[in-house]
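Residue-level structural notes
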Amino acid sequence: MTEILFQPLGNPLAASRPLEKIADIDSRLSRTHYFDGRLLTAEDLERDQVYLDERLREAGKVIGEGVAAGLELSFDFYSGILTLTPGSGITRLGRIVQLDETLTVNVTDSALISQLNGGKYRQFNRGLYAVVLNYTEVATDLAEIFPTDLVSKRGADYASVTEAVQLGLVPLPLPLSQQDDLHSRASLIRTLQDNELVDSLIPGDSLPLGILAIRDDTPLWLDSELLRHPTRQHNDTRAQREDLFRQYRQLFNDVMDYRRSATLSQNFAASEYFSLMPASGPMPKACVDAERGVQSFFPDHFNVHVAPVRMAEVDLLIRESLHLPPLDLNSKDVVDVMVLVPLTNNRFGQYATQLERRTELPERRLKSTDPLRLSLYPRPAPHEIDTDADTWREIFAVSEQENIVYVRRPARAAETRVSGIVIADGFSDPVGSPPVDDYVPPVDIDGPGYDDGEAFLNYFNLWSVVEYRQPKGEREFEAYQKLTENYGRKAETVQWILLLLIRISPWFDPILWRTLLLSAEREMLDKVSSELFANDDGHPYNTGKILYGLLKDAGADDALMEDVKQLTEKVTPV
């Protein structure tokens, strides 16, 4: 078959013009054409060296930048010795750097550092420095230069070039925080996420390995995970999230070591140190009390559940979650998090069977859709919740892991009832299922899926919870019907109502739905919730006093006020 070719460098009519004017020619990718009788100069031979060098760089870029093997960085704060183990890596410009033996540098030896840098840097300025492995060329040996004409004289120049690597520090334009090293490193995790700062400051032929903090000419701390990463394509989003996971894991371990050495409690909030966390990672066991259904690690607006998991599945669950966005603790977005307690296969089977046993639903205070998954709240529950306390206590006791694991949960079709359907050409849309009881799920008429509000209402709604908080009496039933008719499809209102259903004790069921209806009509559901959570310890007497004051201000009718008063008076004050 005959090939069909095109002019590679532009218009054929321009063939007589210089090549650089009719096409974008990269001189670094041109090589010398050899033929007998040609006079070769140093420029011709150097062109081939540059060509081979650029081709090797291209191969390096295809593999990806970062550490390929080894190159572990450590620092001894007592001796001031910075140590780098043997290994290899690829710089951002595709240069392969390799260290064949351990390299040690005394960072506190100012005389040697000044000598190696031509008299500069007699002392370090306060700040943050990127520790890098540089590619360098060293001129070696001497060769005589013979004159090429009658005027020139004989001379000498270096005969060969030796490629080598050297350790260096690159000042970073980032302030050194007054905080301790743990908080300073945690803040840098967010600052260095996008890599733009690193790309603009670190030379292209340097491989970043970590960050060293210096104050008063004395090293303070070294973080060997910040800036460092394994080989990857430039600006790979998934790889950056894996970097965040490694940085968080190392810093988390350092935080736990520090708190143990300082005899501090292992029960602390993540926001004490972190503002940005990966989609999965370790967390302290002490932050979870499954017996009471309480957690203290994540912010209040996070939806947190805890579940046992087979130890062999933990790594897979972590890897699967790394493609999800990180957890921004400064954001007010609602995030679903699953806390995993690793168990051996035998123990998982034993305790899963205990949690999955059939229970009498009327005895349970809250609906449980998955017996292996327990909801956790940021503060103690207002009334007793069936948590299978004995089983959960044993699960945490026998877990062999020092820390447990959290993973961010994505929105799944099974939970939101949103899924994609492939319909063959020529067929009509499938007919929906007939209504069940009085509740008809929303029909998707505007697109392939529901919005967030519809997805929420498909999973949590007033129709699904009334079975467990049934109206007491005719007036309560009428209030419930009116509430569902006017507010049952308003996701934000339903969220506040569900929160109050959890917060208000069943003691007040005879006035529950009338209270919720009046609060919704007066647009004060959020006020009622905040007042209860801020000023109430969960005792029915305190709850009644707060509800009485709120309903009175809202203009409740006499019948409702009298019912609240009577229910409150029947309770012994705390």
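A short note on the overall build of the chain
When helices and strands are counted, the chain shows 18 helices and 19 strands. Expressed as a percentage of the 574 residues in the chain, the buried residues total 40%. The long-range share in the chain, meaning contacts at least 24 apart out of those at least 6 apart in sequence, stands at 70%. Split by element, the accessible area of the chain, about 33,500 Å² in all, is 51% carbon and sulfur.

Side note on the nonpolar core
If you look at the biggest cluster of nonpolar residues, it comprises 59 residues, and the most contacted ones within it are Leu128, Ile211, Met277, Met283, Phe297, Phe298 and Phe396. At 6 residues, helix H6 (residues 237-261) tops the list of elements feeding residues into this core. Look past the residues within four positions of Met283 in its chain and what remains in contact with it is Phe252, Val288, Phe297, Phe298, Val339, Asn403, Ile404 and Tyr406. One finds Val466, Ile511, Met524 and Leu547 within the second-largest nonpolar core, a separate group that totals 35 residues.

Remarks on the pairing of strand S7 (residues 127-145)
Sheet topology places S7 next to strand S9 (residues 206-215); 8 bridges connect them, and they run antiparallel. Of the residues in S9, the one forming a bridge with Leu128 is Ala213. Here S7 runs beside strand S8 (residues 155-172); their pairing, made up of 17 bridges, is antiparallel. When the bridges of S8 are listed, Tyr135 appears paired with Val165.

Considerations on the sheet that holds S8
Strand order in this open sheet of 4 strands is S8-S7-S9-S10, and the pairing throughout is antiparallel. Since the sheet does not close on itself, it has two edges, and those belong to S8 and strand S10 (218-223), each with one partner. For this sheet, the mean inter-axis angle between neighbouring strands, taken without regard to orientation, is 35°. Where S9 and S10 come together, 5 bridges link them in antiparallel fashion.

What about the sheet that holds strand S6 (residues 103-106)?
Here we have 3 strands laid out as an open sheet, ordered S2-S3-S6, and antiparallel in their pairing. The open sheet is flanked by strand S2 (73-76) and S6, the only strands paired with a single partner. Between one strand axis and the next, the sheet turns by 20° as a mean value, whatever way the strands run. Here 4 bridges tie strand S3 (residues 81-84) to S6, and the two strands are oriented antiparallel to one another. If you follow Thr83 over to S6, its bridge partner there is Thr104.

Some words on unusual backbone geometry
Non-glycine residue Leu71 carries a positive phi angle of around 55°. Tracing the backbone shows Leu71 in the loop between strand S1 (66-70) and S2. Despite not being glycine, Glu523 shows a phi value in the positive range, around 55°. Mapped onto the elements of the fold, Glu523 is located in the loop between helix H15 (512-521) and helix H16 (525-535). A residue is classified by how much of its surface remains accessible, and Glu523, at 71% relative accessible area, is exposed.

A closer look at the packing of aromatic side chains
Following the criterion strictly, the structure yields 12 aromatic pairs and no others. The structure contains a cluster of three or more aromatic residues connected by ring pairs, namely Tyr248, Phe252, Phe268, Tyr273, Phe274, Phe297, Phe298, Phe302 and Tyr406. In this structure, Arg95 packs its charged tip against the face of Tyr135, placed 4.0 Å from the ring centre.

Focus: the pattern of salt bridges
In a structure, side chains of opposite charge can pair up when their charged atoms sit close to one another. All chains considered together, the criterion is met by 27 salt bridges. Among the ionic pairs, Arg292 bridges to Asp289, the shortest N-O distance being 2.9 Å. The exposure class assigned to Arg292 is partly exposed, which follows from its relative accessible area of 47%. Judged by its relative accessible area of 24%, Asp289 falls in the partly exposed class. Among the salt bridges present, the one from Arg393 reaches Asp390, with a minimum N-O distance of 2.9 Å. Of this pair, Arg393 and Asp390 both sit in helix H9 (residues 389-398), 3 residues apart, roughly one helical turn. Exposure remark for Arg393: the relative accessible area of 40% places this residue in the partly exposed category. A relative accessible area of 51% means that Asp390 is categorised as exposed. Salt bridges here are not isolated pairs; linked through shared partners, they connect Asp53, Glu54, Arg57, Arg95 and Asp205.

Looking at the confidence of the model for the chain
Considering every residue of the chain, the mean pLDDT works out to 77; 78% of them sit at 70 or more. For residues 9-25, every residue scores under 50 in pLDDT, and the model assigns this stretch 9 contacts once sequence neighbours within four places are set aside. Across residues 359-368, where pLDDT falls below 50, the model places 10 contacts with residues more than four positions away in sequence or in other chains.

Examining the environment of Pro219
With respect to the helices and strands, Pro219 occurs in strand S10. Separated by 111 residues in sequence, Pro219 and Thr108 place their C-alpha atoms 8.2 Å apart. Setting aside residues no more than four positions away along its own chain, Pro219 makes contact with Phe75, Phe77, Val107, Thr108, Leu212, Ala213 and Ile214.

Digging into the environment of Val170
Mapped onto the elements of the fold, Val170 is located in strand S8. On the basis of relative accessibility, which here comes to 14%, the residue Val170 falls in the buried class. Taking the C-alpha atoms as reference points, Val170 and Leu201, separated by 31 residues in sequence, lie 7.8 Å from one another. If we ignore the near neighbours within four places in the chain, the residues touching Val170 are Leu128, Tyr129, Ala130, Val132, Leu201 and Pro203.

Points about H6
An ideal rise of 1.5 Å per residue puts 36 Å on 25 residues; H6 measures up with 36 Å between its terminal C-alpha atoms. Of the residues one or two after H6, Thr263 is the one with positive phi, at around 55°.

Conventions and cut-offs
Residues numbered from 1 in each chain as written. Predicted model: local features only at pLDDT ≥ 70, side-chain atom pairs only at ≥ 80, totals over all residues. Heavy atoms only, no water. Helix = DSSP H or I, 4+ residues; strand = E, 2+ residues; numbered from the N terminus. Buried < 20%, exposed > 50% of the residue type's maximum accessible area, 1.4 Å probe, protein only. Contact = heavy atoms within 4.5 Å. Areas by Shrake-Rupley, 256 points an atom, 1.4 Å probe, with all protein chains shown as cover. Core = buried A, V, L, I, M, F, W, Y, C linked by side-chain atoms within 4.5 Å. Pairing = 2+ DSSP bridges. Axes fitted to C-alpha atoms, helices over the stretch in contact; angles between N-to-C directions. Phe/Tyr/Trp six-rings, centres within 6.5 Å; stacked < 30°, edge-to-face > 60°. Lys NZ or Arg CZ within 6 Å of the ring centre and 35° of its normal. Salt bridge = Lys/Arg side-chain N within 4 Å of Asp/Glu carboxyl O. pLDDT = per-residue confidence, 0-100. Expected span 1.5 Å × (residues − 1).

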